[in-house]
Amino acid sequence: MKIAVYTIALNEAQFVARWAETAAPADCRVVADTGSTDGTIEKLRAAGVEVHSISINPWRFDHARNTALALVPGDVDICVSLDMDEVIQPGWREALLAAWKPGTTRVRNPLEIHIGADGVARSHFNSSRIHQRFGYSWKYPIHELIVPAAHITEQTAYTDQLRIRHLPDDNKSRGQYLPMLAAAAAEAPDDDRLAHYYGRELMFRHRYEEAIVELRRHLGLPRATWKAERAASMRFIGRCHKSLGRLAEARGAYLQACAETPDAREPWHDLAKLCMDGKDWAGGIWAAQRALAIDVMPRDHTRDAKAWGIGPYDIGSICAYYAGQHELAREWLTKALAFEPDNARLIKNSSWIFAQK
């Protein structure tokens, strides 16, 4: 089968060599450049990548990606959408072909994010950007998705042997995200996904009151039925209230999230943190215990790396110490240190937690 790796690019010269190398096992590599001025085009061509200059005005990520997809040769069987700041683990072609059985239209695979200095991914979720050449297109101006045409009956395969890592330039401006999300949400006011992302972005920009309004709007939409995303909006509402000093409202929002998805660790982790900050030591222990009792990690964007790392153990150890449960405090701090043995704050905590008999 013939495989193509494709993407869009704008001033990605620093990533060209790495991207060209990781995509090299493909039969063709196609990049739609949207106006680079830093030598991206020249470097890509020197690496043997097929490059096309395109212009999308007004800018939308879905239109740009659909243009890039249209430029993939028609005799390609499988398309892999790989951003310039991403890499695929070696052996990916063999893993993809092993997963792609007759009738397959799309493959899901892990996307690793939040890569630490030690090279370990702090979180990952399942991506579904590998698809057959025809019958798919990109949707949404931002936070875009690849979606099947109405006539396509999807048959999705999964492999954890094809792992993509996101290694972004954290200094790159993403200032256009908020206005694009605002425009997209206004364009499609009934779209629950856009409402959630817009509210989340408002929270990221510390526009807490506006974020609460939009996230509540998300929860009220008829199509907002995915419990994991609903709980995430409730958690974000809680964070906004907490940042505004409204702790009772924050607690209510976190409890709502716990009720929405009692089998998810993230809401219990956030509730435990709120209890710790409010010196509700018993509440913090209880919420941390509820979080740690959950061992099935979500495979979507609602996962919070802290909830699956040191978070519950760190928070729980502090609450247990001040509640006089020193043995439990030592147990949890030991487990937190196993995650981050060089964490200076945890090491400092150990000097007084382990000092107690």
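Residues numbered from 1 in each chain as written. Predicted model: local features only at pLDDT ≥ 70, side-chain atom pairs only at ≥ 80, totals over all residues. Heavy atoms only, no water.

## Topic: the nonpolar core
Most often, soluble globular proteins have nonpolar side chains that are buried together.
So, step 1. Ranked by internal contacts, the top residues of the largest apolar core, which has 44 residues, are Y6 and V72.
So, step 2. Sort the elements by how many residues they give to this core and helix 8 (residues 227-243) lands first, with 6 residues.
So, step 3. Those residues in contact with Y6, other than ones at most four positions away along the chain, are V30, R65, A68, L69, V72, C79, V80, S81, L82, H131, W138 and I146.
So, step 4. Formed by 32 residues, the second largest nonpolar core is a distinct cluster that contains I310, Y313, L333 and I353. (Core = buried A, V, L, I, M, F, W, Y, C linked by side-chain atoms within 4.5 Å. Buried < 20%, exposed > 50% of the residue type's maximum accessible area, 1.4 Å probe, protein only. Helix = DSSP H or I, 4+ residues; strand = E, 2+ residues; numbered from the N terminus. Contact = heavy atoms within 4.5 Å.)

## Remarks on the side chain of T104
So, step 1. Looking at where T104 falls in the secondary structure, it is placed in the loop between helix 4 (92-99) and strand 6 (106-115).
So, step 2. Judged by its relative accessible area of 7%, T104 is buried.
So, step 3. Engagement of the side chain of T104 in a polar contact is seen with the backbone oxygen of K101, the distance being 2.8 Å.
So, step 4. When near neighbours in sequence (up to four residues on either side) are disregarded, T104 contacts A99, Q132, Q155 and A157. (Polar contact = N/O pair within 3.5 Å; in protein donor to acceptor, adjacent residues only side chain to side chain.)

## Overview of unusual backbone geometry
So, step 1. Looking along the chain, the bond that leaves N57 and enters P58 is cis, with omega of 0 degrees.
So, step 2. Within the secondary structure, P58 is located in the loop between strand 3 (50-53) and helix 3 (61-70).
So, step 3. Even without a glycine there, the phi angle at N11 is positive, about 55 degrees.
So, step 4. Along the chain, the position of N11 falls in the loop between strand 1 (3-9) and helix 1 (16-22).
So, step 5. Despite not being glycine, H143 shows a phi value in the positive range, around 50 degrees.
So, step 6. Tracing the chain through its elements places H143 in the loop between strand 8 (136-139) and strand 9 (145-148).

These results come straight from atomic positions and should not be treated as a statement about function.
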